[in-house]
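# Breakdown of the fold
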Amino acid sequence: MPTMRAMVLDRPKTPLVLRERPVPQPAAGQVLIAVEACGVCRTDLHVVDGELPDPKLPVVPGHEIVGRVAALGPDVRSFALGARVGVPWLGEACGVCPYCRSGRENLCDAPVFTGYTRDGGYATHTLAAHSRCPKTSMRPKPRRCSAPA
Ligand SMILES: [Zn+2]
Ligand SMILES: [Zn+2]
């Protein structure tokens, strides 16, 4: 079974621990991402310091993820393997609560948060909902210089 490495928080206010784990398989609606980089946000420190209630434990923190799609869930057609994607803090929203239905999913009654209530990006691999992963382009847009007329 292929394995991955992850930095795991077992309990708030303790150091992250490097662990080998089986590479997770993407379920319906998910993609497996080979992590290229993951930022450190103040929110991650709040999770580690125990300043946010009820994290999933153990949890892999990290929600500012950029990586490459490494495997697709059985129903996922919208990504190619190798596509570069980002993964946001709001890992999933329910889609049916009054907030979601009025375009305010950031207030969702049943959210899933990357690196807090779902394992995040301080790992070689992570799972994410494909519908929430923006495709990214690392190529800078060509700058057009035009002289004022
Ligand atoms: Zn953040
Ligand atoms: Zn909702």
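Right above here is the structure, for reference.
Quick look at the structure, then. (Residues numbered from 1 in each chain as written. Chains lettered and ligands numbered in written order. Predicted model: local features only at pLDDT ≥ 70, side-chain atom pairs only at ≥ 80, totals over all residues.)

## Some remarks on the overall build of the chain
When helices and strands are counted, the chain shows two helices and eight strands. Mapped in sequence order, the helices and strands of the chain form the string β-β-β-α-β-β-β-α-β-β. Residues counted as buried form 28% of the 149 residues belonging to the chain. Of all intrachain contacts in the chain linking residues separated by at least 6 positions in sequence, the fraction that spans at least 24 positions is 68%. (Helix = DSSP H or I, 4+ residues; strand = E, 2+ residues; numbered from the N terminus. Buried ≥ 20, exposed ≤ 12 C-beta atoms within 10 Å, placed from the backbone. Contact = placed C-beta atoms within 7 Å.)

## Let's talk about the nonpolar core
In this structure, Val-31, Ile-33, Val-87 and Ala-128 are the most contacted members of the largest nonpolar core, which totals 23 residues. At the level of secondary structure, the elements contributing two or more residues to this core comprise β3 (30-39), α1 (42-48), β4 (64-72), β5 (84-87) and β8 (125-129). Here this core gets five residues from one element, more than from any other, and that element is β3. Residues contacting Ala-128, with those up to four places away along its chain left out, are Gln-30, Val-31, Ile-33, Val-87, Gly-91 and Cys-133. (Core = buried A, V, L, I, M, F, W, Y, C linked by C-beta atoms within 7 Å.)

## Remarks on the environment of Val-112
Mapped onto the secondary structure, Val-112 falls in strand β7 (residues 112-113). Apart from the residues within four sequence positions on either side, Val-112 is in contact with Gly-91, Glu-92, Thr-117 and Arg-118.

## Comments concerning the environment of Thr-117
Among the secondary structure elements, Thr-117 is positioned in the loop between β7 and β8. The class for Thr-117 is partly exposed, based on 17 C-beta atoms found within 10 Å. In this view, Thr-117 contacts Pro-55, Lys-56 and Val-112; residues no more than four positions away in its chain are not counted.

## What about the sheet that holds β3?
Sheet architecture is open: four strands sit in the order β5-β4-β3-β8, paired in antiparallel fashion. Sheet topology places β5 and β8 at the edges, where each strand pairs with a single neighbour. When the angles between neighbouring strand axes are averaged without regard to direction, this sheet yields 50°. (Pairing = 2+ DSSP bridges. Axes fitted to C-alpha atoms, helices over the stretch in contact; angles between N-to-C directions.)

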